[in-house]
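Listed below are the residues making up each chain.
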Amino acid sequence: MDPYTYLKRIEHEFRIAPGAAQALIKSFHGEMRKGLARRKSSLKMLPTYVGRPSGNERGTYMAIDLGGSNFRVLLVTLKGGGAMSRPVSAKYRLDKKHITSTGQRLFDFIARAIKDFTCRHKEVADKHVEVGFTFSFPVKQRGIASGVLKSWTKGFSARGVIGKDVVALLKEALSRAGLDDVTVTALANDTVGTMVAGSYRDTDCDVGVILGTGTNACYPDANKDMIINTEWGNFNKLRTTRFDNEVDRSSRNPGQQIFEKMISGMYLGQVCRFIVLDLIGRGLLFPEKRPAIFSRPYMFTAEHMSLIEEDRSPSLGRVKEFLSSNGLAKNTYDDRALLRQICRMISGRAARLSVAGVLAVITFMDPALRRRHTVAIDGTVFEKYYGFKNMMRQSLKYLGGIRARRIKLALTKDGSGAGAAIIAACADSA
Ligand code: GLC
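Residues numbered from 1 in each chain as written. Predicted model: local features only at pLDDT ≥ 70, side-chain atom pairs only at ≥ 80, totals over all residues. Heavy atoms only, no water.

Trainee: Kindly report on the sheet that holds strand S1 (residues 46-47), identifying the contributing residues and their values.
Mentor: Across the sheet, six strands lie side by side as S1-S12-S11-S10-S13-S14; this open sheet has mixed pairing. Strands with a single pairing partner mark the edges of an open sheet, and in this sheet they are S1 and strand S14 (407-411). Helix H6 (residues 190-201) contacts strand S10 (205-211), strand S11 (215-221), strand S12 (226-229) and strand S13 (373-378) of the sheet and is inclined by roughly 135° relative to S10. On top of the sheet, helix H12 (residues 333-365) reaches S10, S11, S13 and S14; it is set at about 155° to S10, its chief contact. (Pairing = 2+ DSSP bridges. Helix = DSSP H or I, 4+ residues; strand = E, 2+ residues; numbered from the N terminus. Contact = heavy atoms within 4.5 Å. Axes fitted to C-alpha atoms, helices over the stretch in contact; angles between N-to-C directions.)

Here it is in structure tokens:
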């Protein structure tokens, strides 16, 4: 069989037609209901003890953000009336050793980064500072500033943290580092921070979504009068392909975060890798030599995929360069075109699945789409992946129909950091 015909077959498995999206939305609603009723469900539906902000919160707060590839510290001044200063921020690179050894090592790293930040910024040096802690993992909260980690996701595996209160662990590390002026007043998931930052400015905002290293969404539950963290990354009532199953099997958390493994930045490159390896195995791609970048897991990334998709030149010169610099100087136009087509197929499905998730959350609150809804979205896949925003907007029309015009997808940059500061301010005034 020629490679294009073979790929067409795979594309068929990656397609999400409106009927399939409707079925997905229906089972999503079923799982949401079960999760809220505390019955067994792939959606944890975690209460967050945070409501929507008034927009009038004021003051200077620190936000710290753990859950992606960097740890970040931010300083935000809220001015009221939906306004805030440009955050002052610093990034600290998280190495594998920080996220996969012990909890103490991870929290000591965080405390050291905060210490470094406070020494460098006179606004907070030797002053009392209140912190909003964005901790982007499934947490069972017991209040606004306390919560127990249920499981790690996104490749984190630090020992001795699951089942513990992460705010208490942070406080212990702060005190080991001698940071007695730092008080942790709020704990929040990144989706919650993003939604809160979005609603600080836009009263139509009632969904927060992250499309980054991981993926997740939250919304305000009218009955519970607080925001619910769905942990949608773990949704698993959907059809997967053999490639998704390979990604799952070879991951650190097999059987978990199935939706996330089809959508988020950490895994898109892996899905691509397994398809490429399948084609190589059939002699349909790179017949001369298997490029090293596809041999080892997690080397080929979503960033590479975006770069490949961005190449619109007739000869696919940038793809050629990319392959050459990765030890595959001899590649044909067909190799390059096929690789690009595979990337588009995977990112296109990720965009459609994300939209199906967004539609599920919105129609759970407003089945007939009578109101306007702004979805605050943060994360590198949404922000930076070539064409992703557009694909999502097109999918919204395709899968949501005419009424989906009431839904606005809004990039809410740094939402999780600024949002944590707003949540800290809410906690402060409570
Ligand atoms: C993972 C985490 C979730 C987080 C998401 C985006 O799915 O479990 O809590 O919101 O990644 O960072």
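Trainee: An account of the site of the ligand is requested, with residue identities and associated values reported.
Mentor: Around the ligand, a shell composed of 14 residues is seen, among which Lys154, Asn189, Asp190, Glu231 and Glu260 lie nearest. Between the ligand and asparagine 216, the relevant distance is 3.0 Å, taken from an oxygen atom to a side-chain nitrogen or oxygen of the residue. The side chain of glutamate 231 places a nitrogen or oxygen atom 2.5 Å from an oxygen atom of the ligand. Residue composition of the shell around the ligand, by class: three nonpolar, seven polar and four charged. (Near = heavy atom within 4 Å. Polar contact = N/O pair within 3.5 Å; in protein donor to acceptor, adjacent residues only side chain to side chain. Nonpolar A, V, L, I, M, F, W, Y, C, P; charged D, E, K, R; others polar.)

Trainee: Before we move on, could you go through the pairing of S13 and cite the residues and values that matter?
Mentor: Along any regular strand the residues' side chains alternate between the sheet's two faces. With six of its six residues buried, S13 lies for the most part within the structure. For S10 and S13, the ladder comprises five bridges, and the chain directions are parallel. In the sheet register, valine 209 faces S13, and the bridge partner there is isoleucine 377. Sheet topology note: the S13/S14 ladder contains five bridges and is parallel. Each residue of the ladder has a partner; that of isoleucine 377, found in S14, is leucine 411. (Buried < 20%, exposed > 50% of the residue type's maximum accessible area, 1.4 Å probe, protein only.)

Trainee: Summarise the side chain of lysine 261; cite the residues concerned and give the values.
Mentor: Take lysine 261: it is sitting in helix H8 (residues 258-263). Reaching out from lysine 261, the side chain makes a polar contact with the backbone oxygen of glutamine 256 at a distance of 2.7 Å. Apart from residues no more than four positions distant in its own chain, lysine 261 is found in contact with Val247, Asp248, Ser251, Asn253, Pro254, Gly255, Gln256, Tyr267 and Val271.

Trainee: If you had to explain unusual backbone geometry to someone new, which residues and values would you point to?
Mentor: Excluding glycine, a negative phi dihedral is what most residues carry, and trans is how most peptide bonds are arranged. The residue lysine 154 is not glycine, and still its phi comes out positive at about 55°. Of the residues examined, lysine 154 reaches a relative accessible area of 9% and is grouped as buried. With a phi close to 55°, leucine 316 is a non-glycine residue in the positive phi region. Tracing the sequence through the fold places leucine 316 in the loop between helix H10 (302-310) and helix H11 (317-324).

Trainee: Could you give an account of the pairing of strand S8 (residues 146-149), with specific residues and numbers?
Mentor: Side chains of S8 alternate between two faces, with Ser146 and Val148 and Gly147 and Leu149 buried alike. Hairpin geometry of strand S7 (residues 139-143) and S8 is characterised by an intervening segment of two residues between the two adjacent antiparallel strands.

Trainee: Any chance you could break down the side chain of threonine 134 for me, citing the residues and the numbers?
Mentor: With respect to the helices, strands and loops of the structure, threonine 134 is situated in strand S6 (residues 129-135). Ignoring anything within four residues of it in the chain, the contact list for threonine 134 reads Ile64, Asp65, Leu66, Ala188, Asn189, Asp190, Ser416 and Ala420.

Trainee: An account of the pattern of salt bridges is requested, with residue identities and associated values reported.
Mentor: Scanning the model with the defined rule gives 16 salt bridges in all. The residue lysine 34 makes a salt bridge to glutamate 31 at a minimum N-O spacing of 3.1 Å. Of this pair, lysine 34 and glutamate 31 both sit in helix H2 (residues 18-36), three residues apart, which is roughly one turn of that helix. Between lysine 413 and glutamate 383 there is a salt bridge, with its nearest N and O atoms 3.4 Å apart. Of this pair, lysine 413 sits in the loop between S14 and helix H15 (415-429) while glutamate 383 sits in helix H13 (residues 380-384), placing them 30 residues apart in sequence. A relative accessible area of 22% means that glutamate 383 is categorised as partly exposed. (Salt bridge = Lys/Arg side-chain N within 4 Å of Asp/Glu carboxyl O.)

Trainee: Run through H12, naming residues and quoting values.
Mentor: The terminal C-alpha atoms of H12, which comprises 33 residues, lie 48 Å apart, in line with the 48 Å expected from a rise of 1.5 Å per residue. Extensive coverage of H12 is indicated by the burial of 27 of its 33 residues. (Expected span 1.5 Å × (residues − 1).)

All we've got here are geometric facts, nothing functional implied.
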